[in-house]
Amino acid sequence: MTTQARTGGAAPRLPAPDEPVLDVSGLSVRFRMRGGRRIAAVTDASFRLWPGECLALVGESGCGKSVLASALLGLLPANAQTAGRALVGGLDLLAADERTLARTVRGRRVGLVPQSPAAHLTPVRTVRSQLQETVRELTGARGSGLRAKAEAAAERAAFPADHLDRYPHQLSGGLAQRAATALALVGDAPLLLADEPTTGLDRDLVDRTVDELRRHADAGHALLMITHDLAAAERIADRVAVMYAGRIVELTDAPAFFGEPGPRHPYARGLLDALPERAFTPIPGMPPELGALPAGCAFAARCEHATAACKTVPALLDGTACHHPQEPTRA
Ligand SMILES: Nc1ncnc2c1ncn2[C@@H]1O[C@H](COP(=O)(O)OP(=O)(O)OP(=O)(O)O)[C@@H](O)[C@H]1O
Ligand code: NI
């Protein structure tokens, strides 16, 4: 499915600096499976995103990051059930019907750099043609302005001009990624969701893409950046949200997270300590199945600090959902 809207008109204005661009509360997503099994992909996520802010959403593969983003765009499959609220400019994205999502949300209020760009590009059309169509739909540009705007969009995402006449199957993963980023920036949506926007790029291009996304945020847009790449997160983010088994377990300022005093949730500490440039010590054990979550804290089975208290689910208090938040001890 294309994530760009299909009708003409100007992009919505950016909200005032004192209004959140996105206000998510109690967002949960369940997948109903055959045999009555339910997968708890996202549970009770609450956060706000402000104009000009980048929030990096990090966590191991399968913890629910992409499902959270898909829920905001109404892109979940039919067996998904959502609960909670996600307000953008007064509209609850979780309650909006498909027509509203297609006409006013995707590409306009909320842009998406999808996790699998190749699957989101139209296979039978060149990158130039897709960019021009998106520019026409989302900005109303016509005639010669169209070509120039499409080329400028490509340039912003470091997509080489001499590859614009290629078809998606003629692109490497990294080039498809950049084409998807270019498409996502066109509508100038107040909120941009970037799901692993640097996958398949070498370090220079990671930095270039991240810096372009940072400029996009600095221009007043809100950016939710989903990534495995903690170095990229450190480079771009104002705040960091750590997800574990479908829940946000830590939500804190990026400098405090990556520097001093460091994360307070033992899982978040473990994520950082697993980095080669840090302790290079992986967290022992595996995350639980989202179809069979334990009662209580989902991290307890892997946590050296776990006690009987961890048999209940900890609330997110002061940015950490843990019964034993770690106090700063780093040297
Ligand atoms: N359509 C679906 N039906 C059932 N389960 C699903 C569906 N889509 C996703 N899931 C499950 O939801 C969980 C969260 O998936 P999600 O794609 O959000 O993970 P992620 O954090 O984005 O991982 P990655 O970093 O690998 O992209 C996974 O356990 C996944 O198997
Ligand atoms: Ni994902």
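Residues numbered from 1 in each chain as written. Chains lettered and ligands numbered in written order. Predicted model: local features only at pLDDT ≥ 70, side-chain atom pairs only at ≥ 80, totals over all residues.

Describing unusual backbone geometry
No. 1: That bond from Glu260 to Pro261 is cis: its omega, 0 degrees, falls within 30 degrees of zero.
No. 2: On the secondary structure map, Pro261 appears in the loop between α9 (254-258) and α10 (266-273).
No. 3: One non-glycine residue with positive phi stands out, namely Asp188, at about 55 degrees.
No. 4: Inspection of the secondary structure assignment puts Asp188 in the loop between α6 (173-186) and β7 (191-195).
No. 5: Note on Asp188: 20 C-beta atoms within 10 Å, which makes it buried.
No. 6: With phi around 55 degrees, Glu196 is a residue other than glycine that occupies positive phi space.
No. 7: Structurally, Glu196 can be placed in the loop between β7 and α7 (203-218). (Helix = DSSP H or I, 4+ residues; strand = E, 2+ residues; numbered from the N terminus. Buried ≥ 20, exposed ≤ 12 C-beta atoms within 10 Å, placed from the backbone.)

Structural notes on the packing of helix α4 (residues 127-139) against α6
No. 1: Two elements in contact, α4 and α6, have axes separated by 9 Å at closest approach and are oriented at 15 degrees. Relative to α6, α4 is oriented roughly parallel. Between α4 and α6 lies a crossing whose hand is right-handed. Where α4 approaches α6, its residues Val127, Gln130, Leu131, Thr134, Val135, Leu138 and Thr139 are matched on the opposing element by Ala179, Ala182, Leu183 and Val186. (Axes fitted to C-alpha atoms, helices over the stretch in contact; angles between N-to-C directions. Parallel < 35°, antiparallel > 145°, perpendicular 65-115°, else oblique. Left-handed = near helix turned anticlockwise from the far one by under 90°. Contact = placed C-beta atoms within 7 Å.)

Some thoughts on the nonpolar core
No. 1: Counting 94 residues, the largest nonpolar core has Ala56, Leu191, Met225, Val242 and Val249 as its most contacted members.
No. 2: At 9 residues, the largest contribution of residues to this core is made by α6.
No. 3: The contact partners of Met225, leaving out residues within four places of it in the chain, are Cys54, Ala56, Leu57, Ala194, Pro197, Leu213, Ile236 and Ala237. (Core = buried A, V, L, I, M, F, W, Y, C linked by C-beta atoms within 7 Å.)

With respect to the UniProt feature "domain: ABC transporter" (unreviewed entry) in the chain
No. 1: Under the local residue numbering, the UniProt record ascribes the feature "domain: ABC transporter" (unreviewed entry) to residues 24-270.
No. 2: Segment residues 24-270 splits into 38% helix and 26% strand. End C-alpha atoms: 27 Å apart. (UniProt positions renumbered as here; feature names shortened; annotations may be inferred.)

Focus on the site of ligand 1
No. 1: Taken together, 15 residues surround ligand 1, and among them Ala41, Ser61, Lys65, Ser66 and Val67 come closest.
No. 2: Sorting elements by how many residues they give to the shell around ligand 1 places helix α1 (residues 65-72) first, with 3 residues.
No. 3: Grouping the constituent residues of the shell around ligand 1 by class yields 7 nonpolar, 7 polar and 1 charged. (Near = placed C-beta within 6 Å. Nonpolar A, V, L, I, M, F, W, Y, C, P; charged D, E, K, R; others polar.)

Description of α7
No. 1: Between its first and last C-alpha, α7 extends 22 Å over 16 residues, near the 22 Å set by a 1.5 Å rise per residue.
No. 2: For α7, the complete set of buried residues consists of Val206, Thr209, Val210, Leu213, His216 and Ala217. Seen from one end, α7 has its buried residues packed into an arc of 110 degrees, which puts them on one side. Exposed positions of α7 whose direction lies more than 90 degrees from the buried face are Asp204, Arg215 and Asp218. (Expected span 1.5 Å × (residues − 1). Arc of directions from axis to C-beta.)

With respect to the pairing of strand β10 (residues 247-253)
Every other side chain in a regular strand lies on the same face of the sheet, so the side chains alternate between the two faces.
No. 1: Of all 7 residues in β10, 6 are buried, a share of seventy percent or more.
No. 2: Sheet topology places strand β9 (residues 239-244) next to β10; 6 bridges connect them, and they run antiparallel. If you follow Val240 over to β10, its bridge partner there is Thr252.
No. 3: Hairpin connection between β9 and β10: a loop of 2 residues separates the two successive antiparallel strands, and Ala245 in this loop has a positive phi of roughly 50 degrees. (Pairing = 2+ DSSP bridges.)

Comments concerning the pairing of strand β3 (residues 54-58)
No. 1: Counting buried positions along β3 gives 5 out of 5 residues, so the element sits mostly inside the fold.
No. 2: Covered by surrounding structure in β3 are Cys54, Ala56 and Val58 together with Leu55 and Leu57, the residues of both alternating faces.
No. 3: Two elements, β3 and strand β8 (residues 222-226), share 4 bridges in a ladder whose sense is parallel. When the sheet's bridge partners are listed, Leu55 is paired in β8 with Leu224.
No. 4: When β3 meets β9, the two strands line up parallel, connected through 4 bridges. Following the sheet pairing, Leu57 is matched in β9 by Ala241.

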